[in-house]
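Analysis of the macromolecular model
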Amino acid sequence: MADLRPIDRETPVPDHAGGAAGFLLLEVIVALVIAATALGFAFNAISDGLGRLRQDREAAAALAVARSTFERVGHDIPLRPGETEGRTGDGQQWRVVVAPYETIVPRPQAGLLGFRVEVVVQWTERDRARQIRLQTVRLARTAAGS
């Protein structure tokens, strides 16, 4: 049963519905604002990281196309002055430019010619054109040197 003692009028009764409850509500609101800010920063960092990961994957794929295209020069892509172009299955465009390699030093009589070979791979990423450009010098035998 309930305790039915008389209330002593001189003992103050604590008021739990007053300022302490309002202070607790303010603490909860501040904690929620801090948590929302932290989550916003975390989401931004994660989405930036995923975007950079996709960019790196596309650049690595373009570099692989450029390297394999270099290996084709002199085989199915002729090693003579001119341009050759193509497109990969995933939309990357490649171009090979072969030009004579000219030096100040007179050419040796060894029956070799130098060619400057440049491979350019282009692709679009978020409506922005990107490209990788690789260059090298290749040697080829002349008809007289064969």
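What comes next is a walk through the structure.

Calculation criteria
- Residues numbered from 1 in each chain as written.
- Predicted model: local features only at pLDDT ≥ 70, side-chain atom pairs only at ≥ 80, totals over all residues.
- Heavy atoms only, no water.
- Helix = DSSP H or I, 4+ residues; strand = E, 2+ residues; numbered from the N terminus.
- Buried < 20%, exposed > 50% of the residue type's maximum accessible area, 1.4 Å probe, protein only.
- Contact = heavy atoms within 4.5 Å.
- Areas by Shrake-Rupley, 256 points an atom, 1.4 Å probe, with all protein chains shown as cover.
- Polar contact = N/O pair within 3.5 Å; in protein donor to acceptor, adjacent residues only side chain to side chain.
- Pairing = 2+ DSSP bridges.
- Axes fitted to C-alpha atoms, helices over the stretch in contact; angles between N-to-C directions.
- Core = buried A, V, L, I, M, F, W, Y, C linked by side-chain atoms within 4.5 Å.
- Salt bridge = Lys/Arg side-chain N within 4 Å of Asp/Glu carboxyl O.

So, about the overall build of the chain. Counting its secondary structure elements, the chain contains one helix and four strands. Secondary structure elements in the chain, listed N-terminal to C-terminal, are α-β-β-β-β. Residues counted as buried form 18% of the 146 residues belonging to the chain. Taking the intrachain contacts of the chain between residues at least 6 apart in sequence as the baseline, contacts between residues at least 24 apart amount to 48%. Accessible area of the chain: about 11,500 Å², with a carbon and sulfur share of 59%.

What follows covers the side chain of Glu118. Considering the arrangement of structural elements, one finds Glu118 in strand β3 (residues 112-125). Separated by 2.9 Å, the side chains of Glu118 and Arg133 make a polar contact. Setting aside residues up to four positions removed in sequence, Glu118 forms contacts with Arg95, Val96, Val97, Arg133, Leu134 and Gln135.

Right, let's talk about the sheet that holds strand β1 (residues 82-87) for a bit. Strand order in the open sheet made by the four strands is β1-β2-β3-β4, with antiparallel pairing throughout. The two strands at the open ends of the sheet, each matched to only one other strand, are β1 and β4 (128-141). The mean angle between the axes of side-by-side strands here comes to 15°, regardless of whether they run parallel or antiparallel. Of the strand pairs in this sheet, β3 and β4 are connected by 14 bridges, and their pairing is antiparallel. Note on β4: the bridge partner recorded for Phe115 is Arg138.

A few words on the nonpolar core. Core analysis: the largest hydrophobic core is formed by 17 residues, its most contacted members being Trp94, Val96, Val117, Val119, Val121 and Trp123. For this core, the elements supplying multiple residues, two or more each, are α1 (19-72), β2 (93-100), β3 and β4. Not counting the four nearest positions on each side in its chain, Val119 is found in contact with Ala66, Thr69, Phe70, Arg95, Val96, Ile132, Arg133 and Leu134.

Below, the discussion takes up unusual backbone geometry. Phi at Arg126 takes a positive value of approximately 55°, unusual for a residue other than glycine. Turning to its location among the elements, Arg126 is positioned in the loop between β3 and β4. Phi is positive for Asp127, which is not a glycine, with a value near 60°. Here Asp127 lies in the loop between β3 and β4. The class of Asp127 is exposed, set by a relative accessible area of 80%.

The next subject is the pattern of salt bridges. For the coordinates displayed, the defined rule picks out three salt bridges. Note that Glu118 and Arg133 form a salt bridge whose closest N and O atoms lie 2.9 Å from each other. Taken together, the residues Glu118 in strand β3 and Arg133 in strand β4 connect sequence positions 15 residues apart. Here Arg130 makes a salt bridge to Glu125, at a shortest N to O gap of 3.2 Å.

What follows concerns the side chain of Gln92. When you line up the elements, Gln92 lands in the loop between β1 and β2. Using a relative accessible area of 4% as the deciding quantity, one classes Gln92 as buried. Beyond its immediate chain neighbours, meaning those up to four positions away, Gln92 contacts Glu58, Ala61, Ala62, Val65, Gly86, Arg87, Val121, Gln122 and Trp123.

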